[in-house]
Amino acid sequence: MIPGRQILTPDDLTHFLESPACTELMEFLTSLNDSIIGVKTTDDIEDSQIVSQLLQVLENVKQTNDSTKPIETNSRFGNPAFRDFYDTVEEKLPVWIADFVPAENIQEVATYLQNSFGNRKRIDYGTGHELNFLAFLLCLHKLQVIKPKDHCALVIHVFFKYVSVMRGLQMTYWLEPAGSHGVWGLDDYQFLPFLFGAGQLRTHKHLRPKSIHNAEILEEFSKDYMYFGCVRFVNSIKSGSLRWHSPMIDDISAAKSWEKVNLGLIKMFRAEVIGKLPIMQHFMFGSLIAFSGGSMSGDMAHGADDNECDHGCSDHSQVYAFGQEFPDCCGIKVPSAIAAAKAEKDASSGPRNAFSRPIPFD
């Protein structure tokens, strides 16, 4: 079964938020989060066979990225070579997952994984694509391919590997932040690494949310805790203080405990990711993650029309104010801060690291 879009209107979204599909998605997320409380990224965690297989799939994606070189361009927007990468992965994914996904579910499961790498047409990436990776894992859970005992390794090894792969894609093809402001204030692309990273720190006796303002702590503990790694990555490509370029991260640092941060981010995920129409209007439902909302037929339901957005504005001649819920694909394109950092490096004299001199926040 090929999943299709079902959330077309605010009413559809309201019904989804009250549906069993939403409940099982949030329960799965909470279970993953609970499994890594107090666990370091560097802890010795045994991988089951399915975890090893998932890591191999992500390694295949990484190798495809490495072998698909970006096109030389002076633009700071998404590199068109991403479409070649995307097409190659789309062709090979069914084969890569065939060893652990039942044949009758391969097409459906592959759709979620494919959509987790970004949008082919717009060459962008955001929380909606990240949500698709969570949905991919949920499908495997519902197929009983992964078990509760795998959850810790799924987050620490598989999900964090996915984040690493996505950073590679962002740096190779300069993926644009999806929508008008990326991830609703955390960083341009991701949400869940912050959520899981806060879960890792919930039981830490000494490190506090305000510790993110200490550069030495970020450097020392970024390999052990994903939250610190995420903040350090943001700081490496944007200049100025967190208050300026990442105000939400700065606000969160005032919380008294990591438990408050972690639980707050779970609530925020429901409200600001799966609770937002611009994200969920692109999410697809099938037999494994089932929901019946609006009806959309043919290619449009399955996201197969690559030539124009869903709203008939292929040339984007109608520019909508940012903040409007629909349509979200229109408006001024947002360049990649990673691309700007690379441009800064190329414009500088002498050999320098791409992130040795942060550039102003776009």
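Scroll up to find the structure this text is about.
These numbers come from a predicted model, not from an experiment.

Engineer: Let's hear about the overall build of the chain: which residues, and what values?
Structural biologist: Counting its secondary structure elements, the chain contains 16 helices and four strands. Per-residue burial over the chain gives 52% buried out of 362 residues.

Engineer: Would you mind going over the packing of helix 6 (residues 127-142) against helix 7 (residues 151-173) in detail, with residue names and values included?
Structural biologist: Contact pair helix 6 / helix 7: the axes reach a minimum separation of 12 Å and the direction vectors enclose 145°. Relative to helix 7, helix 6 is oriented so that their crossing is right-handed. Touching His 129, Glu 130, Phe 133, Leu 137 and His 141 of helix 6 are His 151, Leu 154, Val 158, Phe 159 and Tyr 162, all from helix 7. Its residues assigned to classes, the contact of helix 6 with helix 7 shows six nonpolar, three polar and one charged.

Engineer: Would you mind going over the packing of helix 2 (residues 20-35) against helix 8 (residues 192-200) in detail, with residue names and values included?
Structural biologist: Contact geometry for helix 2 and helix 8: axes closest at 8 Å, N-to-C directions at 45°. Classified by the interaxial angle, the pair formed by helix 2 and helix 8 is oblique. Where helix 2 crosses over helix 8, the handedness of that crossing is right-handed. Residue-level inspection shows Leu 29, Leu 32 and Asn 33 of helix 2 in contact with helix 8, the latter providing Leu 192, Leu 195, Phe 196 and Gly 199. Partitioning the contact of helix 2 with helix 8 into residue classes produces five nonpolar, two polar and no charged.

Engineer: Can you tell me about the packing of aromatic side chains, naming the residues and giving the values?
Structural biologist: Evaluation of the coordinates by the stated rule reveals 23 aromatic pairs. With a centroid separation of 5.6 Å and 75° between ring planes, the pair formed by Phe 16 and Phe 291 is classed as edge-to-face. Remark: Phe 291 occurs in the loop between strand 4 (284-285) and helix 15 (298-301) and Phe 16 occurs in helix 1 (residues 10-17); sequence separation between them is 275 residues. Looking at Phe 16, the relative accessible area reads 1%, which means it is buried. Classification of Phe 291 by relative accessible area gives buried; the value is 13%. Above the face of the Phe 233 ring, Arg 167 is positioned so that its terminal group lies 4.2 Å from the ring centre.

Engineer: Summarise helix 7; cite the residues concerned and give the values.
Structural biologist: Given a rise of 1.5 Å per residue, 23 residues ought to cover 33 Å, and the 31 Å separating the end C-alpha atoms of helix 7 matches this to within 8%. Helix 7 sits mainly inside the fold: 18 of its 23 residues count as buried. One or two residues past the end of helix 7 sits Trp 174, with phi positive at roughly 50°.

Engineer: Provide a residue-level description of the nonpolar core, including the pertinent values.
Structural biologist: Core analysis: the biggest nonpolar cluster contains 102 residues, and Tyr 227, Leu 265 and Phe 269 have the highest contact counts within it. If one sorts the elements of this core by residue count, helix 7 sits on top with 14 residues. Excluding its chain neighbours within four sequence positions, the residues that come into contact with Tyr 227 are Pro 193, Phe 194, Gly 197, Ala 198, Leu 201, Ile 212, Ile 249, Ile 252, Trp 258, Val 261 and Leu 265.

Rules behind the numbers
Residues numbered from 1 in each chain as written. Predicted model: local features only at pLDDT ≥ 70, side-chain atom pairs only at ≥ 80, totals over all residues. Heavy atoms only, no water. Helix = DSSP H or I, 4+ residues; strand = E, 2+ residues; numbered from the N terminus. Buried < 20%, exposed > 50% of the residue type's maximum accessible area, 1.4 Å probe, protein only. Axes fitted to C-alpha atoms, helices over the stretch in contact; angles between N-to-C directions. Left-handed = near helix turned anticlockwise from the far one by under 90°. Contact = heavy atoms within 4.5 Å. Nonpolar A, V, L, I, M, F, W, Y, C, P; charged D, E, K, R; others polar. Parallel < 35°, antiparallel > 145°, perpendicular 65-115°, else oblique. Phe/Tyr/Trp six-rings, centres within 6.5 Å; stacked < 30°, edge-to-face > 60°. Lys NZ or Arg CZ within 6 Å of the ring centre and 35° of its normal. Expected span 1.5 Å × (residues − 1). Core = buried A, V, L, I, M, F, W, Y, C linked by side-chain atoms within 4.5 Å.

Nothing here speaks to function; it is geometry throughout.
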